[in-house]
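Commentary on secondary and tertiary structure
Letter by letter, the chains look like this.
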Amino acid sequence: MNGKMKHNKGTCIDAAGTELQGYMSKNVPMVCYRLPNKDSIQIIMQASGNALAIQSFKELNHVQGFLITPFEQQDNFNAFLIRPDISFVYPSPHTSDISIIKNLPSGNEACYSNSNVHETKRDEFIDQVKVIQSHLRNGQLQKAVLSRVVVEPRDSSYPLEEIFLSLCHLYPEAFVYFFRLPGIGCWMGASPEPFLILDQQGGRIESIAGTQWLNGQQPQEIVWGRKELEEQDIVTRFIEQRLNFLGISAYYKEGPMTTRAGQLAHLRTLFSFPTQQIEHRIGEFIHQFHPTPSVGGYPQQEAYRLITSLEKHKREFYTGIVGPLRMHGTTALFANIRCMKIRQNDFWLFMGAGITQASVPELEWEETNLKKTTILAALKFNHDNES
């Protein structure tokens, strides 16, 4: 197949070819993304300069572009915004942008890094789960999300655009992205978890927690245990508390229900509310909600302090927030899970599991292995379709 994969006919993704690789290799702040259940690929590029460094959540109340926030916030809000100097639906840039794009520098050095990362082994992970559970028993916490990193070798003959397209093909219901921040790094992912959606249909935030392997079952056939129900309830109650704190009381709650994310099932509760209640307070919304208990834990600050003391790696952009902010009348921000950092010779795959008192440490390790398959499936899919 000459390195090109086959997709369902009749979509923009089918037509993606070498031009997509050309855009992805531009050594400027850039992103390409595919919204859930959409066929089109959006591309945003800066014509010059570094991504805008956002140091106050209030700065987000009126700007537009592609937002990227790390998990680690320390004492100050910290985020990056790729400005939409050039913005178009692949493969058709505006006529006025074609010559600008052609003259942008290319090169993959933005993805290269000489740093190393700690890979948590099974016994170490299980010991960390037990430490968290000791804090849970003491009543200091109700939940904490523990993460780890797996390093996978990278074959440079596998084009990045093909891995991106593999994720689009495998996970139509996910938010699929690739971004490049020169001097900082390149990431790719397929997140099933919306953080905040604002569009013509209104505002939405979702509580997603609890994971099972579908194993040939339909989502409606999944039976959930105490641990998953408890984990989901913690996230749901947190969202209700924060919505009320922000004065958003006129919301509609639906769930919990079982939702599909590739070959995994998750518990999900949907909250919807009028867009106008939040569209000019997005920074405040992020400040109150991030990190949610689905990626950090609860209570929020206590969980954050514990997991950052236990984990021997930096999460960087894993479990941060990614997505378009006020682009084409839509804000679509997602928790950056099911993702990887791209390096010259390898990929860093990030995954985590929510720990509660009902957790079985060995099963939490297996849950992280299940989540790892999301990205591994795209790498394998790409490899199996090469000839």
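The following refers to the structure shown. Worth saying up front: this structure is predicted, and the values here are computed from it rather than measured.

1. Examining the overall build of the chain
Along its length, the chain carries nine helices and 18 strands. A globule of 387 residues ought to have a C-alpha radius of gyration of about 21 Å, and the chain, at 20 Å, matches this closely. Dimensions of the chain, computed from the C-alpha atoms along their principal axes, are close to 60 × 45 × 40 Å. Of all 387 residues assigned to the chain, the portion counted as buried reaches 58%. Restricting to contacts in the chain with at least 6 residues of sequence separation, those with at least 24 account for 74%. Taken as a whole, the chain presents about 16100 Å² of accessible surface, with 47% of it coming from carbon and sulfur.

2. With respect to the sheet that holds strand E6 (residues 86–89)
Ordered by their spatial adjacency, nine strands build an open sheet running E6-E2-E1-E8-E9-E17-E18-E7-E14, and the pairing between neighbours is antiparallel. Two strands bound the open sheet, and with one partner strand each, they are E6 and strand E14 (297–298). Across four bridges, the pairing between strand E17 (residues 339–342) and strand E18 (residues 346–355) is antiparallel. What sits directly across from Lys341, in E18, is Trp348.

3. Thoughts on the packing of helix H6 (residues 226–245) against helix H7 (residues 282–289)
Where H6 meets H7, the closest approach of the two axes is 10 Å, and the angle between their N-to-C directions is 140 degrees. The angle between the axes of H6 and H7 places the two elements in the oblique class. Here H6 runs over H7; the crossing is right-handed. Contact residues: Phe238, Ile239, Arg242, Leu243 and Phe245 in H6; Phe285, Gln288 and Phe289 in H7. Its residues placed into classes, the contact of H6 with H7 shows six nonpolar, one polar and one charged.

4. Things to note about the pairing of strand E8 (residues 175–181)
Of all seven residues that make up E8, seven are buried, and the element is covered over most of its length. On E8, burial covers both faces: Phe175, Tyr177, Phe179 and Leu181 on one face and Val176, Phe178 and Arg180 on the other are all buried. Of the strand pairs in this sheet, strand E1 (residues 30–34) and E8 are connected by five bridges, and their pairing is antiparallel. Across the sheet, the residue bridging to Cys32 is Phe178, located in E8. Note: E8 against strand E9 (residues 185–191), seven bridges, orientation antiparallel. Each residue of the ladder has a partner; that of Arg180, found in E9, is Cys186. Hairpin connection, E8 to E9: the antiparallel pair is bridged by three residues, and Gly183 has positive phi, about 85 degrees.

5. Comments concerning H7
Counted residue by residue, H7 has six buried out of eight residues, so it is predominantly covered. Burial in H7 covers these residues: Ile282, Gly283, Phe285, Ile286, Gln288 and Phe289.

6. Looking at the nonpolar core
In terms of nonpolar packing, the biggest core is built from 37 residues, with Leu20, Ile43, Phe164, Phe178, Met188 and Met340 touching the most fellow members. Considering every element that reaches this core, the biggest residue donor is helix H5 (residues 160–170), with six residues. In this structure Ile43 touches Leu20, Tyr23, Met30, Val31, Cys32, Ile86, Ser87, Phe88 and Tyr90, once residues within four positions along its chain are discounted. Core analysis: the second largest hydrophobic core is formed by 30 residues, Leu196, Ile239, Phe273 and Phe289 among them.

7. Things to note about the state of the cysteines
Evaluated as defined, the whole model comprises zero disulfides. Here Cys339 is not disulfide-linked; the sulfur of Cys186 is the nearest cysteine sulfur, at 14 Å. Owing to a relative accessible area of 0%, Cys339 belongs among the buried residues under this scheme.

8. Quick notes on the pattern of salt bridges
Under the criterion given, the structure shown has 15 salt bridges. Taking the shortest distance from any N to any O, the salt bridge between Glu231 and Lys143 comes out at 3.3 Å. Within this pair, whereas Glu231 is found in helix H6, its partner Lys143 is found in strand E7 (residues 143–153), the two being separated by 88 residues in sequence. Between Glu231 and Lys227 there is a salt bridge, and its shortest N-O distance comes to 2.8 Å.

9. Section: the sheet that holds strand E11 (residues 202–213)
Across the sheet, which stays open at both edges, the nine strands sit in the order E3-E5-E4-E15-E16-E10-E11-E13-E12 with antiparallel pairing between neighbours. One side of each edge strand has no neighbouring strand; the edge strands of this open sheet are strand E3 (52–54) and strand E12 (252–261). Along the sheet, successive strands turn relative to each other by an average axial angle of 20 degrees, direction set aside. Where E11 meets strand E13 (residues 264–273), 10 bridges bridge the pair, whose relative direction is antiparallel. Residue pairing across strands places Gly203 opposite Phe273, the latter belonging to E13. Those strands touched by H6 are E11, E12 and E13, and its axis lies near 165 degrees from that of E11. Contacts from H7 reach strand E4 (65–69), strand E10 (194–199), E11, E13, strand E15 (321–325) and strand E16 (331–335), with the element oriented near 160 degrees to E10.

What counts, and at which threshold
- Residues numbered from 1 in each chain as written.
- Predicted model: local features only at pLDDT ≥ 70, side-chain atom pairs only at ≥ 80, totals over all residues.
- Heavy atoms only, no water.
- Helix = DSSP H or I, 4+ residues; strand = E, 2+ residues; numbered from the N terminus.
- Rg over C-alpha atoms; globule rule 2.2 N^0.38 Å.
- Buried < 20%, exposed > 50% of the residue type's maximum accessible area, 1.4 Å probe, protein only.
- Contact = heavy atoms within 4.5 Å.
- Areas by Shrake-Rupley, 256 points an atom, 1.4 Å probe, with all protein chains shown as cover.
- Pairing = 2+ DSSP bridges.
- Axes fitted to C-alpha atoms, helices over the stretch in contact; angles between N-to-C directions.
- Parallel < 35°, antiparallel > 145°, perpendicular 65-115°, else oblique.
- Left-handed = near helix turned anticlockwise from the far one by under 90°.
- Nonpolar A, V, L, I, M, F, W, Y, C, P; charged D, E, K, R; others polar.
- Core = buried A, V, L, I, M, F, W, Y, C linked by side-chain atoms within 4.5 Å.
- Disulfide = S-S within 2.5 Å.
- Salt bridge = Lys/Arg side-chain N within 4 Å of Asp/Glu carboxyl O.

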